[in-house]
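An overview of the molecular structure
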Amino acid sequence: MNSKYAPLESHLRDSGRERVPMTFEEIERVIDVPLPASALKHRALWSNNPANWVMTKAWLAAGYETEKVDMTNRTLVFRRAPAAKPSDTGNGPQPPPGSDQPSRRQGSFARVFGALKGTVTISPGTNLTDPIGEDWDATR
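A short tour of the structure in this document, coming up. (Residues numbered from 1 in each chain as written. Predicted model: local features only at pLDDT ≥ 70, side-chain atom pairs only at ≥ 80, totals over all residues. Heavy atoms only, no water.)

Below, the discussion takes up the environment of V30. Secondary-structure assignment places V30 in helix 2 (residues 24-31). Classification of V30 as partly exposed rests on a relative accessible area of 23%. Spatially, the C-alpha atoms of V30 and Y5 are 8.7 Å apart, while their sequence positions differ by 25 residues. When neighbours within four sequence positions are excluded, V30 is seen to be in contact with P7, L8, H11 and M22. (Helix = DSSP H or I, 4+ residues; strand = E, 2+ residues; numbered from the N terminus. Buried < 20%, exposed > 50% of the residue type's maximum accessible area, 1.4 Å probe, protein only. Contact = heavy atoms within 4.5 Å.)

Here is the structure:
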């Protein structure tokens, strides 16, 4: 990685540790530049989504993910990311055609949707097949 965040990638990779707790100030010392103001305000930048921030690519490239991000105390922990297994990617062995066994790809989707369990509450009496209400006219 050839960016101002490359020193963080090297720091994490060279640590050899499972977990690397750091303060935001320590990160600034490692990269030798101040963190952007948005990094001090928006927790989402510390997610493991590489589309959010260029620095995310540095810790992901080093094989780490963030956890325990504490915006108030300006601390976080970089945790070594688990190695992907073929079954986790959905590209592993598939059951034979005609088999009743679900494919591993379907299992991956089930894990994703299962992670959302309990995040939405539907009020009793709600008709999910009536998206607009009784006044909806299909001919309009």
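So much for the structure itself; the text now carries on.
On to the pairing of strand 1 (residues 19-23). Residues V20 and M22 line the buried face of strand 1, whereas the alternating positions R19, P21 and T23 sit on a face that is not buried. In this sheet, strand 3 (residues 75-80) lies alongside strand 1 in antiparallel orientation, the contact comprising five bridges. For M22, the partnering residue across the bridge sits in strand 3 and is L76. (Pairing = 2+ DSSP bridges.)

On the basis of which strands lie adjacent, the open sheet formed by three strands has the order 1-3-2 and antiparallel pairing. If you trace the sheet from one side to the other, it starts and ends with strand 1 and strand 2 (64-70), each paired once. For this sheet the average axis-to-axis angle between neighbouring strands, irrespective of direction, equals 25 degrees. Lying over the sheet, helix 1 (residues 6-15) contacts strand 1, strand 2 and strand 3, oriented at roughly 140 degrees with respect to strand 1. Running over the sheet, helix 2 touches strand 1 and strand 3 and is turned about 95 degrees from strand 1. (Axes fitted to C-alpha atoms, helices over the stretch in contact; angles between N-to-C directions.)

What follows concerns the nonpolar core. With 22 residues, the main nonpolar core has I27, L35, W46, W53, M55 and F78 as its most contacted residues. Secondary-structure elements contributing two or more residues to this core are helix 1, strand 1, helix 2, helix 4 (54-61), strand 2 and strand 3. Those residues in contact with W53, other than ones at most four positions away along the chain, are Y5, L35, P36, A39, L45, W46 and W59. (Core = buried A, V, L, I, M, F, W, Y, C linked by side-chain atoms within 4.5 Å.)

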